[in-house]
Amino acid sequence: MPIKPSQIDAHIRTSNDKIAARRLLALKNRLSDGTPARIPATSKKFDPKLTETDDNAEVVIRQHPSGLSKIRLNRPTKLNAISFNMCDIISQAVLAWENLETSKAILITSEGRKAFCAGGDIRDLVDLELQGRHEECIALFQKHPRLNHTVGSINKPLIAFMDGMIMGGGVGLTISAPFRVATENTIHAMPETMIGHFPDASASFWMPRLDGFLGLYLMLTGRRLHGPDVYYSGIATHYVQSKDLAELEMALEELASKTSEVLELHDINAVIDRFSVDMEEKELPFSLGGNSWQAINRCFQHNTMEKIVAALKEEKVAVSWAKETYDLLSRMSPTSLKLSLQLYHTGANLCFVDCMRLEYQLTNLTLASKEFAEGARAALITKTAPNWDPPTLEQVDANEIKKRFFDTPIGNPLQTLLEGGNFIEYPHKPFILPRCSEILDVANKMGHYETVKYFMNIYNGKKGVKTKVVSVLNK
């Protein structure tokens, strides 16, 4: 059920978290006056004719008679990695559906349960860079941020069944969807700092908008999150058992068949809620709640990598977590870590489309860098540990990173396929669980029992709310 504007008034008035209060106020205003979450997107260039693909294609495009438009990633032997041809096919389909009156919502699924999408297929990029063909490489890569911007800027409701591993380009394809369904098979990660790159695929927009400094923690470490934590962290909006996805898809078809209009978000949400798992009954707590979440904020609140590392070494409460996190960071490219830290703080103040432009600008430079060449060699060719240069954080000049990558615009900026994406706040907050900061803020005024009751009330008993609140409050 949708959240009612009146239910969040008290929290807005009493919140000590200014960011949380500002976002709750924006949410209340949208719910009250019906203002759309996005500025309407208009297409610059596209083929309005929808071209369906056959069942053996690497991406299957279908327009169901009900009006539910469908995209199925179909490269299970390649972990459904998105090829550049797939970028074009999906972009064209999404743009066509955006302007097709009989298209009522878009559903993205994948073949197999091992991987929803393990990212973009970067081998072609590596080959081109090794041959010194950088201009061709970056022109080819542009297909990915254009696709991410397209799916993030359309007005048609987008639903993603994230059943399996999801990384990189798979995250970019789904993270802007109003509805992102995780399952017990979901494994989420953005491990780009491990290959001398940086988390892209719109990460510069959504990671700074996760709770506290959770996004920065995930951005720098590449930490893998499993299904329940993907849901609790706000990366997913719902948690459904994999075996129920087929029935959920049919329920969405039935919903679409009952109207001639584009599906309302609250109606889609209500259908997915019917299939959502009772997290308390299944005993699926939030592993990053309690002491872990507070340790993430203590250690990752700093604005330099050196201070973050020092905080991890000095952590006295979540000691094992701090050691594990320090070990993860030690494997990453020092250059990528400092670049990603700057990207996180820069993206926090940019709108969605400007984040996509910035990511493309950075990629234009990183793909030609020695760090990416070394990371790709180690990960894809020799399967050995990379030799980073410089090898330590102290030898990487953060000011030089900012000057080289951020302060000097490239001559060939990103060419998007449509106008739109000018929103600064995350537009689909009503469908995710409450933030840890909001929970703690209320608990400081009400006590634990009343805090659980409060959030169960304003979220209308949404499955997972009680378990997350309890996980956050438990030390």
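Shown above is the structure to which this text applies.
Residues numbered from 1 in each chain as written. Predicted model: local features only at pLDDT ≥ 70, side-chain atom pairs only at ≥ 80, totals over all residues. Heavy atoms only, no water.

(A) Examining the overall build of the chain more closely. Within the chain, the regular secondary structure consists of 22 helices and 12 strands. Across the 475 residues in the chain, those meeting the buried criterion constitute 58%. Put simply, 76% of the contacts in the chain that link residues at least 6 apart link residues at least 24 apart. Taken as a whole, the chain presents about 19,500 Å² of accessible surface, with 52% of it coming from carbon and sulfur. (Helix = DSSP H or I, 4+ residues; strand = E, 2+ residues; numbered from the N terminus. Buried < 20%, exposed > 50% of the residue type's maximum accessible area, 1.4 Å probe, protein only. Contact = heavy atoms within 4.5 Å. Areas by Shrake-Rupley, 256 points an atom, 1.4 Å probe, with all protein chains shown as cover.)

(B) A look at the sheet that holds strand β7 (residues 165-167). With mixed pairing, the four strands of this open sheet are ordered in space as β5-β7-β9-β10. At either end of the open sheet lies a strand with only one pairing partner, and these are β5 (115-117) and β10 (225-226). Sheet topology note: the β7/strand β9 (residues 187-189) ladder contains three bridges and is parallel. Residue pairing in the sheet places methionine 165 in a bridge with isoleucine 187 of β9. (Pairing = 2+ DSSP bridges.)

(C) Main features of the packing of aromatic side chains. As enumerated under the stated definition, the model contains 11 aromatic pairs in all. Each ring, one from phenylalanine 455 and one from tyrosine 459, has its centre 6.5 Å from the other, and the planes form 35°; the classification is tilted. Accessibility expressed as a relative area gives 6% for tyrosine 459, which makes it buried. The rings of Phe205, Phe352 and Phe423 are connected pair by pair, giving a single aromatic cluster. Over the ring of phenylalanine 205 we find arginine 209, and its NZ or CZ is 3.9 Å from the ring centre. (Phe/Tyr/Trp six-rings, centres within 6.5 Å; stacked < 30°, edge-to-face > 60°. Lys NZ or Arg CZ within 6 Å of the ring centre and 35° of its normal.)

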